[in-house]
Amino acid sequence: MDKSDNQLLTASEKSIIGGYGSWAASLVAATPSLSFRNSGENDIDSWKTKAVSKANELIARPQKSEPKVTIEKKYTYDGLEIEELSWQLPYGRSTKAVLLKPVGVKKPLPAILGLHDHAGMKYFGYRKIVKTSDDQHPILKEHQTSDYGGKAWANEIAKRGYVVLVHDTFAFGSRRVLYEDVKGLDWGSLDVTNKSDKDPEKSENILEYNKWSSEHEHVMSKSLFCAGTTWPGVFLSEDQIALDILSKRPEVDPKRIGCGGLSGGGLRTVYLAGMDERIKCAVCVGFMTTWEDLILHKSFTHTWMTYAPLLPKYLDFPEILGLRVPLPTLVLNNNQDELYTLSEMKKADVILGEVYSKAKASDRYAAKFYHGPHKFDQQMQKDAFEWFDKWL
């Protein structure tokens, strides 16, 4: 395209894929074929049967199994009883997790499956949203300060009378890909020839690993596609296994379980809360927009974890979460969030509002917009916790 051709593109036609943007966006219907907003859809149950079935088909999660859970350690910290847990899935290294609960629990309590974020930091998993001792890694301390108002939000909600489980999901923390796992990979920025898994807690090694693992994402995603699954399918399966474990705990009321998280945790909330009705209350933070926003503007800011090919033909992105209607759902957004376009965040709110209104459940959906960049600060946490208190 020469300069004169480029001048023919108006501002509205320009996109992150150049002159192909408006064409690509036109391939996705304003109201996709399995949207509950379609005039022909009036019965929630029959619509859900079709929509959830198609979503399951396209997300293509691997078959899940029920692992044996090992209690590695028990102790008290921050006014909470804490258990460090692990379980082995049929693939990958052992999953590590923590369970937090108020001291001296006597009766079943409501529970929260806390979903950790992405943040370009695959070295850490559950540790990003919990605090289990005063000796906290400086990178974690900085992360909780910048993204969470200086709080470990899983601890904070546990103190309100919840049992909280937070686990490492696929490719994060204990589930991360080690350099030794891909020894011999010597291509471009993925070259591991001079990389080592020794001294992993050194800050410089963590930063180097996080950079490498971000570069490795497209390889992982392509390989998953070739295996007949998707990244959302894999983390959904693993999150559902964690939900199985949490729901069977004797101190948990299985009819009062919620989930939530920021960013990558918000993404996981979209899929888990949308696809599993055991989640009775959901709070999605910092991960809500439309497919059009990702087509035209913001896919480059997002992880490969986001995408389930062909799903946009049937449901807009917010409608994945909307599959849970009429169960209570709160979406928290930041007006200056660099990961999304504000107008598309607001369009997503309209879409979810229409779904809940049509289901006569408008009181069970809310969205809030806050000043500032991508975050889950103390005011947002307060609003999220009050939503959980109201519905659980």
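Everything that follows concerns the structure shown earlier in this document.
Residues numbered from 1 in each chain as written. Predicted model: local features only at pLDDT ≥ 70, side-chain atom pairs only at ≥ 80, totals over all residues. Heavy atoms only, no water.

A. Spatial organisation of the overall build of the protein. Helix and strand content of the protein: twelve helices and nine strands. Since a compact globule built from 392 residues should have a radius of gyration of about 21 Å, the 21 Å found for the protein is in line with a globular shape. Seen through its principal axes, the protein has C-alpha atoms that stretch 65 × 55 × 40 Å. Nonlocal contacts in the protein, meaning residues at least 24 apart in sequence, comprise 73% of its contacts between residues at least 6 apart. Taken as a whole, the protein presents about 17,100 Å² of accessible surface, with 53% of it coming from carbon and sulfur. Distance between charge centroids for the protein: 4 Å, based on 51 positive and 52 negative side chains. (Helix = DSSP H or I, 4+ residues; strand = E, 2+ residues; numbered from the N terminus. Rg over C-alpha atoms; globule rule 2.2 N^0.38 Å. Contact = heavy atoms within 4.5 Å. Areas by Shrake-Rupley, 256 points an atom, 1.4 Å probe, with all protein chains shown as cover. Lys, Arg positive; Asp, Glu negative; His and termini not counted. Charge placed at Lys NZ, Arg CZ, Asp CG, Glu CD.)

B. The sheet that holds strand β1 (residues 69–77), seen in detail. The strand order across the open sheet formed by nine strands is β1-β2-β3-β5-β4-β6-β7-β8-β9, and the pairing between neighbours is mixed. Pairing within the sheet leaves two strands with one partner each, and these edge strands are β1 and β9 (365–370). Strand after strand, the sheet turns through a mean of 20° between neighbouring axes, direction not considered. Here strand β3 (residues 95–102) pairs with strand β5 (residues 163–167) via four bridges, running antiparallel. Of the residues in β5, the one forming a bridge with L100 is V164. With respect to the sheet, helix α7 (residues 231–247) is in contact with β1, β2 (80–87), β3, β4 (109–114), β5 and β6 (252–262), its orientation differing from that of β5 by roughly 150°. (Pairing = 2+ DSSP bridges. Axes fitted to C-alpha atoms, helices over the stretch in contact; angles between N-to-C directions.)

C. Broad picture of helix α9 (residues 291–298). Residues of α9 that are buried include every one of W291, D293, L294, L296 and K298, and no others. Buried-residue contacts for α9 involve α2 (21–26), α8 (264–275), α10 (317–321) and α11 (342–358). (Buried < 20%, exposed > 50% of the residue type's maximum accessible area, 1.4 Å probe, protein only.)

D. A look at the pairing of strand β8 (residues 329–334). Here β8 lies mainly inside the structure; six of its six residues are buried. Burial along β8 is two-sided: the face carrying T329, V331 and N333 and the face carrying L330, L332 and N334 are both buried. Alignment of strand β7 (residues 281–285) against β8, held across four bridges, turns out to be parallel. Opposite A282, over in β8, you have T329 as the bridge partner. Taken together, the six bridges between β8 and β9 define a ladder with parallel strand orientation. Bridge pairing in β9 links T329 to Y365. The handedness of the β8 to β9 crossover, carried by α11, is right-handed. (Right-handed = clockwise from strand over helix to strand, strands pointing away.)

E. Structural detail: the packing of aromatic side chains. Scanning all chains against the criterion turns up 14 aromatic pairs. Measuring from ring centre to ring centre gives 5.7 Å for Y179 and Y209, while their planes differ by 65°; the resulting arrangement is edge-to-face. Linking Y179 in the loop between β5 and α6 (203–226) with Y209 in helix α6, this pair joins segments that are 30 residues apart in sequence. For Y179, a relative accessible area of 5% puts it in the buried group. (Phe/Tyr/Trp six-rings, centres within 6.5 Å; stacked < 30°, edge-to-face > 60°.)

F. Examining α8 more closely. When the terminal C-alpha atoms of α8 are compared, their 17 Å separation across twelve residues agrees well with the 16 Å that a helix rising 1.5 Å per residue should span. Burial analysis of α8 places twelve of its twelve residues in the buried class, the great majority of the element. Of the residues making up α8, those classed as buried are G264, G265, G266, L267, R268, T269, V270, Y271, L272, A273, G274 and M275. (Expected span 1.5 Å × (residues − 1).)

G. Quick look at the nonpolar core. By size, the foremost hydrophobic cluster in this structure holds 82 residues, and its most contacted members are W87, L113, L165, L246, Y271, M288 and L311. Not counting residues within four places of it along the chain, the set of residues in contact with L246 comprises L99, A111, I112, L113, V163, L165, V252 and I257. In this structure, I82, Y162, V283 and L332 belong to the second largest nonpolar core, which totals 31 residues. (Core = buried A, V, L, I, M, F, W, Y, C linked by side-chain atoms within 4.5 Å.)

H. Structural detail: the pattern of salt bridges. All told, the structure shown has 30 salt bridges when counted by the stated rule. The salt bridge partner of E41 is K50, with a shortest N-O separation of 2.8 Å. On the accessibility criterion, E41 (8% relative accessible area) is buried. Taking relative accessible area as the criterion, K50 reaches 42% and is therefore assigned partly exposed. Residue D244 pairs with K64 through a salt bridge whose shortest N-O separation is 2.7 Å. Taken together, the residues span a long stretch of sequence, with D244 in helix α7 and K64 in the loop between α3 (44–59) and β1 at a distance of 180 residues. Residue class for K64 comes out partly exposed when judged on its relative accessible area of 34%. Via salt bridges that share partners, E81, E83, K101, R249 and E251 belong to a single interconnected network. (Salt bridge = Lys/Arg side-chain N within 4 Å of Asp/Glu carboxyl O.)

Everything listed here is a matter of coordinates, which is why it stays silent on function.
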